[in-house]
Amino acid sequence: MEFHPKPQLHKNTTLMNLIEKLKETAADRTPPQGTAGPDSVSCDVCPDRKRRASKTCMTCVVSFCETHLQPHLDYAALKRHKLEEPTGNLEEKLCSKHQRVLEMFCRTDDICVCLLCAATEHKSHDTKMLDEETTERKSQLESTTTEVKKRLRKKRKMVAKLKKTSVKIQRSANKEVQEHETNVKSALQSLERLRSNVTEMIRNHKQRELQRAKVPIEKLEKEIRELKSRDAELAELLQTSDHLSLVKFPHLSLPPEDGASQEVAVKRGFLPKTLRKKMSALKKHQEEINGWHFVKTSEAGGDTSGDVWQKLESRNDFLKYSCLLTLDPNTAHRRLFLFEGNRMVNCEKTEASYPAHPDRFDCWEQILCKEALSGTRCYWEVMWSGKKAEIGVTYKGIGRKGVGNECVLGFNDKSWSLYCCDSSYSAWHNKRETQIRAPRSHRIGVYLDCPGGSLSFYSVSDTMTLLHKFSTSFNEPLYPGFGLGLDSTVTICPPLQLSCALSVGHSMPSVTQTVLQS
């Protein structure tokens with residue numbers, strides 16, 4: 001606020017005289033408290049050795065030690081001043097414009113102001129005395145503190161409850177695991193006992209049958225020896241020219257043949273009929289278990305995932321995992337020619353003029369797909385024709401140059417393949433072959449279960465027959481690949497055609513979950 005004309009200011013002689021008197025007597029009086037330290041507020045009046053302040057007068061805007069504070073306690077005029085606990089940085093509590101104490105709070109602008117500010121530029125604002133605002137805020141803080149403590153108690157109760165639930169879950173899971181292991185061990189022990197009993201039964205039956213056959217064998221061998229002896233005598237007698245000896249030789253005729261049958265009936269089955277039926281049923285149960293898979297799926301109504309024990313029973317179950325594959329020209333051997341939008345490949349005698357590429361197979365007539373498959377489940381079907389074809393998957397690191405096994409699908413630890421020809425199937429991995437006996441089919445289904453760690457090949461016709469299943473852990477993305485013989489063709493069936501077949505109601509083959517014995 002400006003005044004025109006500027007008024008003449010008068011000195012407060014009483015206060016000045018008091019201060020001068022205090023300064024004169026300060027050196028002769030013993031201070032009631034120690035010298036101010038670096039972390040304490042010092043007295044603003046002490047001339048030389050600054051003592052620790054006892055109070056700060058917000059009216060005088062001065063900090064006093066106990067000695068220099070005494071006038072504020074003795075004189076009535078000074079008793080009306082506002083005393084607070086010692087405060088440093090008094091400039092922060094003064095209005096930067098009017099150099100007056102900040103005694104009010106403007107709620108509109110959310111700042112502290114002095115009385116002059118409240119009477120001028122903040123006149124129309126919502127203002128409160130600073131101590132009143134502080135009291136209200138402390139009340140709010142107390143309410144907030146009460147709410148925080150209430151929530152803390154609630155959260156702690158929830159944590160305690162969840163911990164108890166976690167303990168119950170762990171105990172329940174441990175109990176389930178123990179029961180599962182007990183049941184499986186019991187089942188394995190039962191199977192082992194069954195195996196031992198059946199094996200012992202077969203061996204005992206074998207011994208009995210062998211013993212039954214031993215008696216007629218020994219009798220027949222004795223008769224054979226006698227007949228051989230008689231045959232030798234007769235042969236010698238035929239060569240003699242002594243008529244008298246020939247006439248006198250006894251037993252010229254053979255004794256009559258024993259009418260008893262010397263044959264021993266051999267039973268084709270070594271097990272009782274009822275037991276054979278039960279063993280057959282057990283085998284079917286085992287084959288059914290082989291057809292089940294763990295599938296990761298989202299639980300209904302939530303975002304969490306869980307394991308679902310699911311059986312792939314029909315071709316429709318596999319087609320849900322159909323994926324789109326295209327052949328990569330950069331990997332094709334020069335005798336391989338691509339058609340049908342890079343979904344069909346044919347092996348010919350002539351060579352194509354493909355550009356040089358580090359991913360191209362230069363010796364073996366092989367090709368890979370562009371798509372890398374990992375962390376999911378995929379299904380695709382392949383039609384093949386000609387003399388032979390290899391269908392498989394491989395890591396990207398399979399060799400591409402030269403005639404070594406590191407370049408051949410199924411002949412290294414980076415690839416798995418199914419070898420198909422007119423006469424047989426065989427599964428290959430790391431140069432290990434598994435022979436497969438199955439009817440010939442030119443349509444092959446491939447099911448890759450990366451989370452479950454399995455790769456399965458199916459013969460697709462009126463039924464789907466499991467040809468072979470690899471079980472392993474895939475630690476890299478996999479690329480479908482194919483190898484072809486001369487004049488052979490491989491075609492990747494598009495998922496669109498498969499889904500169209502479903503939509504028009506074509507009958508789909510069911511799955512025969514039977515592992516074919518080699």
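Not measured: the values here are computed from a predicted model.

**Focus on the sheet that holds strand 20 (residues 479-484)**
Consider a sheet: its strands pair through backbone hydrogen bonds, and that pairing is either parallel or antiparallel.
Working step 1: Pairing is antiparallel in the open sheet, where 6 strands are placed in the order 11-20-13-14-15-16. Here the strands that pair on one side only, and so sit at the sheet edges, are strand 11 (366-368) and strand 16 (432-436). Taking each pair of neighbouring strands and ignoring which way they run, the sheet shows an average axis angle of 20 degrees.
Working step 2: When strand 13 (residues 388-394) meets strand 14 (residues 415-421), the two strands line up antiparallel, connected through 7 bridges. Bridge pairing in strand 14 links Gly392 to Ser417.

**A few points about the confidence of the model for the protein**
Working step 1: Summarising the model, the protein shows a mean pLDDT of 82, and 79% of its residues fall at 70 or more.
Working step 2: Per-residue pLDDT stays below 50 along residues 297-305; that stretch engages in 7 contacts with residues further than four places along the chain or on separate chains.
Working step 3: Contacts from residues 499-518, a stretch scored under 50 in pLDDT, to residues over four places away or in other chains number 51 contacts.

**Points about the side chain of Asn346**
Working step 1: Position of Asn346 among the secondary structure elements: in strand 10 (residues 344-347).
Working step 2: A relative accessible area of 14% means that Asn346 is categorised as buried.
Working step 3: Here Glu348 takes part through its side chain, which lies 3.2 Å from a polar atom of the side chain of Asn346.
Working step 4: A distance of 2.7 Å separates the side chain of Asn346 from the side chain of Thr489, its partner in a polar contact.
Working step 5: Apart from the residues within four sequence positions on either side, Asn346 is in contact with Arg335, Leu336, Phe337, Phe339, Leu484, Asp487, Ser488 and Thr489.

**Observations concerning the packing of aromatic side chains**
Working step 1: Evaluated as defined, the whole model comprises 8 aromatic pairs.
Working step 2: Note on Phe457 and Phe470: the rings are 6.3 Å apart at their centroids and 85 degrees apart in plane angle, and the pair reads as edge-to-face. With a gap of 13 residues between them, Phe457 in strand 18 (residues 454-460) and Phe470 in strand 19 (residues 463-471) connect regions that are remote in the sequence.
Working step 3: Through pairs of rings, three or more aromatic residues link up here, namely Phe318, Tyr321, Tyr379, Tyr447 and Tyr458.

**Some details on the nonpolar core**
Working step 1: One finds Trp380, Ile444, Leu455 and Phe482 to be the most contacted residues of the largest nonpolar core, which totals 42 residues.
Working step 2: Broken down by element, the residue count for this core peaks at 4 residues, all from strand 12 (residues 377-385).
Working step 3: Core analysis: the second largest hydrophobic core is formed by 9 residues, Phe318, Leu319, Met464 and Leu466 among them.

**Observations regarding the pattern of salt bridges**
Working step 1: All chains considered together, the criterion is met by 19 salt bridges.
Working step 2: Arg335 is the salt-bridge partner of Glu351, the closest N and O atoms lying 3.6 Å from each other. Here Glu351, found in the loop between strand 10 and strand 11, pairs with Arg335, found in the loop between helix 8 (315-319) and strand 9 (336-339); they are 16 residues apart in sequence, far enough to count as distant.
Working step 3: Look at the salt bridges and you will find they share partners, linking Arg107, Asp110, Lys128, Glu132, Glu133, Glu136 and Arg137 into a network.

**With respect to a nonpolar patch on the surface**
Working step 1: Together, Val184, Leu188, Leu191 and Leu282 make up a nonpolar patch on the protein surface, roughly 310 Å² of accessible area in all.
Working step 2: Here the element with the most residues in the nonpolar patch is helix 5 (residues 130-239); it accounts for 3 residues.
Working step 3: Tracing the backbone shows Val184 in helix 5.

**Focus on the environment of Val393**
Working step 1: With respect to the helices, strands and loops of the structure, Val393 is situated in strand 13.
Working step 2: Taking the C-alpha atoms as reference points, Val393 and Leu373, separated by 20 residues in sequence, lie 9.5 Å from one another.
Working step 3: Setting aside chain neighbours within four positions, we find Val393 in contact with Trp380, Leu409, Lys414, Ser415, Trp416, Leu455, Leu478, Tyr479, Pro480 and Gly481.

**As for the layout of surface pockets**
Working step 1: Estimated volume of the second largest pocket: approximately 250 Å³.
Working step 2: In terms of lining residues, the second largest pocket is bounded by 15 residues, among which Trp364, Lys388, Glu390, Val408 and Tyr419 are the most central.
Working step 3: Those elements that provide at least two residues to the lining of the second largest pocket are strand 13, strand 15 (425-429) and strand 20.
Working step 4: Split into classes, the residues belonging to the lining of the second largest pocket amount to 6 nonpolar, 5 polar and 4 charged.

Rules behind the numbers
Residues numbered from 1 in each chain as written. Predicted model: local features only at pLDDT ≥ 70, side-chain atom pairs only at ≥ 80, totals over all residues. Heavy atoms only, no water. Pairing = 2+ DSSP bridges. Helix = DSSP H or I, 4+ residues; strand = E, 2+ residues; numbered from the N terminus. Axes fitted to C-alpha atoms, helices over the stretch in contact; angles between N-to-C directions. pLDDT = per-residue confidence, 0-100. Contact = heavy atoms within 4.5 Å. Buried < 20%, exposed > 50% of the residue type's maximum accessible area, 1.4 Å probe, protein only. Polar contact = N/O pair within 3.5 Å; in protein donor to acceptor, adjacent residues only side chain to side chain. Phe/Tyr/Trp six-rings, centres within 6.5 Å; stacked < 30°, edge-to-face > 60°. Core = buried A, V, L, I, M, F, W, Y, C linked by side-chain atoms within 4.5 Å. Salt bridge = Lys/Arg side-chain N within 4 Å of Asp/Glu carboxyl O. Patch = residues over 30% accessible without salt bridge, like charges linked within 9 Å, V, L, I, M, F, W, Y side chains within 5 Å. Areas by Shrake-Rupley, 256 points an atom, 1.4 Å probe, with all protein chains shown as cover. 1 Å grid on protein atoms, 1.4 Å probe; cavity = no way out; pocket = protein on both sides within 12 Å on 5 of 7 lines; lining within 4 Å. Points joined across faces, edges and corners; volume = space filled by probe spheres on them. Nonpolar A, V, L, I, M, F, W, Y, C, P; charged D, E, K, R; others polar.

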